[in-house]
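Residue-level listing of the chains:
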Amino acid sequence: YIAQSLAVSLAAEAGIIGLVAYYFSIITPVTILANLLIIPFMSAIVALGLGLLLGGIILPVSAVFFAACIKLILNLTVGCIYLLSRLPGAYVFVENIPLWFVVLYYSLLIGGFYAWGRIDTATGERDAV
């Protein structure tokens, strides 16, 4: 579970880092760790939100319970995000990134994934074209 979550977090970071650096002049390596901690919170919030919706329709009194649980988890999530943002190296400001650099980054990223996808991981051989 952790390895799969880490892989998804790394892929998401690789996919957005160029645009975030270009538009906001910041790189946030802490997001890889943050995603591992925050995603379970978000899953609970979605489940409780569904419970709030269905419980509110079927038994309106139960909506208070679900809303209180959602509020608690949201507060825990915000607190966790705040603490992670205070870690040393959580974010790094970068100079204005030129557009050509972002295009080059995504070209290399796509090319690397394309080349990696063509290699059979079991044998190390390239797939036939």
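Computed from a prediction, not measured in an experiment: that's the story for all the values here.

Calculation rules
Residues numbered from 1 in each chain as written. Predicted model: local features only at pLDDT ≥ 70, side-chain atom pairs only at ≥ 80, totals over all residues. Heavy atoms only, no water. Helix = DSSP H or I, 4+ residues; strand = E, 2+ residues; numbered from the N terminus. Buried < 20%, exposed > 50% of the residue type's maximum accessible area, 1.4 Å probe, protein only. Contact = heavy atoms within 4.5 Å. Areas by Shrake-Rupley, 256 points an atom, 1.4 Å probe, with all protein chains shown as cover. Phe/Tyr/Trp six-rings, centres within 6.5 Å; stacked < 30°, edge-to-face > 60°. Polar contact = N/O pair within 3.5 Å; in protein donor to acceptor, adjacent residues only side chain to side chain. Axes fitted to C-alpha atoms, helices over the stretch in contact; angles between N-to-C directions. Parallel < 35°, antiparallel > 145°, perpendicular 65-115°, else oblique. Left-handed = near helix turned anticlockwise from the far one by under 90°. Core = buried A, V, L, I, M, F, W, Y, C linked by side-chain atoms within 4.5 Å. Disulfide = S-S within 2.5 Å.

A. Quick peek at the overall build of the protein. Check the secondary structure of the protein and you find four helices and two strands. Ordered by position from the N terminus, the helices and strands of the protein form the series α-β-α-α-β-α. Here the C-alpha coordinates of the protein stretch approximately 60 × 40 × 25 Å along the principal axes. Counting across all 129 residues of the protein, residues that qualify as buried make up 20%. Taking the intrachain contacts of the protein between residues at least 6 apart in sequence as the baseline, contacts between residues at least 24 apart amount to 66%. With an accessible surface of roughly 9300 Å², the protein has 77% of that area assigned to carbon and sulfur atoms.

B. Region of interest: the packing of aromatic side chains. On inspection of all chains with the given rule, the structure shows five aromatic pairs. With a centroid separation of 5.5 Å and an interplanar angle of 70°, the aromatic rings of Phe65 and Phe66 are classed as edge-to-face. When its relative accessible area of 54% is taken as the criterion, Phe65 is described as exposed. Relative to Tyr106, the ring of Tyr105 has its centre 5.0 Å away and its plane inclined at 75°; by these criteria the two rings are edge-to-face.

C. How the structure looks around the side chain of Ser25. If you trace the backbone, Ser25 turns up in the loop between α1 (2-24) and β1 (26-27). Ser25 sits in the buried class, given a relative accessible area of 16%. A distance of 3.3 Å separates the side chain of Ser25 from the side chain of Asn96, its partner in a polar contact. What Ser25 contacts, discounting residues up to four positions off in sequence, is Val20, Val92, Phe93, Val94, Glu95 and Asn96.

D. Expanded view of the packing of α1 against helix α2 (residues 30-58). Put simply, α1 and α2 touch, their axes get as near as 9 Å, and they point 135° apart. With respect to their mutual orientation, α1 and α2 come out oblique. The chirality of how α1 crosses α2 is right-handed. Facing Ile2, Ser5, Leu6, Ser9, Leu10 and Glu13 of α1, the residues of α2 in contact are Thr31, Ile32, Asn35 and Leu36.

E. Focus on the nonpolar core. If you look at the biggest cluster of nonpolar residues, it comprises six residues: Val30, Ala34, Ile38, Cys80, Leu84 and Ala90. When residues of this core are traced back to their parent elements, those giving at least two are α2 and α3 (62-85). At three residues, the largest contribution of residues to this core is made by α2. By size, the runner-up hydrophobic cluster in this structure holds five residues, among which are Ile45, Phe66, Ile70 and Ile73.

F. Representation of the state of the cysteines in the model. Counted under the stated rule, the structure contains zero disulfides. Not engaged in a disulfide, the cysteine Cys69 finds its nearest cysteine sulfur in Cys80; these two sulfurs lie 18 Å apart. Cys80 sits in the buried class, given a relative accessible area of 16%.

Read these as spatial facts, not as claims about activity.
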